[in-house]
Each structure stands twice: as C-alpha cells, then as structure tokens.
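A look at the structure
Listed below are the residues making up each chain.
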Amino acid sequence: MSAYWITTYKAVHDPDKVAAYAVLAGPALTAAGGTFLVRGMPEATFEKGETTRTVVIEFPSVEAAVAAHDSEAYQEALRALDGGADRDMRVVPGA
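In this report, the structure presented in the accompanying data block is examined. As the structure is a computational prediction, the values presented were derived from the model and not from experiment. (Residues numbered from 1 in each chain as written. Predicted model: local features only at pLDDT ≥ 70, side-chain atom pairs only at ≥ 80, totals over all residues. Heavy atoms only, no water.)

Some details on helix α2 (residues 62-70)
Taken residue by residue, α2 has A64, A65 and A68 as its buried positions. Seen from one end, α2 has its buried residues packed into an arc of 100°, which puts them on one side. In α2, the exposed positions angled more than 90 degrees off the buried face are occupied by E63 and D70. Here the buried face of α2 lies against β1 (3-12), α1 (15-31), β3 (54-59), α3 (72-81) and β4 (85-93). (Buried < 20%, exposed > 50% of the residue type's maximum accessible area, 1.4 Å probe, protein only. Helix = DSSP H or I, 4+ residues; strand = E, 2+ residues; numbered from the N terminus. Arc of directions from axis to C-beta. Contact = heavy atoms within 4.5 Å.)

Next comes the structure, spelled out in structure tokens:
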C-alpha cells in the first residue's frame, strides 16, 4: 500500500541551509522510490489551516518511506539543513 511523507515548514531560519538541503534531499528521496506530488505554499486554507510550505512525497510503502528517511543520502541532506528550518514531518499510509 502506498504511503505519503508529508512535511510542513513551520519556520525557515536560514534559506541558504534549506536550499542546500533541497539539493541533496530531492535526489536522495527519488532514488529511494519517492515521487514528489506536492511542493509549495497553499493556494487556500480552511478552518485552522496554516500558510506554510508543504511537501508530499508518495512511496510504495510505509517501510520504504522510513528507509528513505534513514538512508545515508537523506541523513546527509539533514546535516546540510542543520537547524535551518522547523518542520513537522510524518508518514501516513494511503487509504
């Protein structure tokens, strides 16, 4: 069953670190089987929705998404991010 890695950026403290992270994270996650479905700011929010950058990546399974997170290539991306942003990240199984 597909799984979705969902990240929202609560705050960006250092845009250069976020850019360095993105250069490494994109290839690491696609190499691990991820497909980027959403990247950007919301066009509309409702109820208590936040106007925060959101990224959604589809993986073949929860296990594949977790393995992508734990991979050395993605951990290198996280080291580049180095506190440059506060994010909420989660993996949710598909319906």
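Details of the environment of F36
Along the polypeptide, F36 turns up in strand β2 (residues 35-40). Not counting residues up to four positions away in its chain, the partners in contact with F36 are G26, L29, T30, V55, V56 and I57.

Thoughts on the pattern of salt bridges
Overall, the coordinates contain 4 salt bridges when judged by the stated rule. Residue K17 is joined to D82 by a salt bridge in which the shortest nitrogen-to-oxygen separation is 3.1 Å. One end of the pair, K17, is in helix α1; the other, D82, is in the loop between α3 and β4, with 65 residues separating them in the sequence. A relative accessible area of 26% places K17 in the partly exposed class. Exposure remark for D82: the relative accessible area of 49% places this residue in the partly exposed category. Of the charged contacts, one joins R90 and D88 as a salt bridge, the two residues approaching to 2.6 Å between their closest N and O atoms. Its relative accessible area of 44% is what places R90 among the partly exposed residues. (Salt bridge = Lys/Arg side-chain N within 4 Å of Asp/Glu carboxyl O.)

Some thoughts on the sheet that holds β2
Strand order across the open sheet formed by 4 strands is β2-β3-β1-β4, with antiparallel pairing between neighbours. The open sheet has two edge strands with one neighbour each: β2 and β4. Averaged over neighbouring strand pairs, the angle between their axes works out to 15° when direction is ignored. Bridging between β2 and β3 involves 5 bridges; their strand directions are antiparallel. Paired with R39 across the bridge in β3 is V55. The strands touched by α1 are β1, β2, β3 and β4; relative to β1, the strand with the most contacts, the crossing angle is about 175°. (Pairing = 2+ DSSP bridges. Axes fitted to C-alpha atoms, helices over the stretch in contact; angles between N-to-C directions.)

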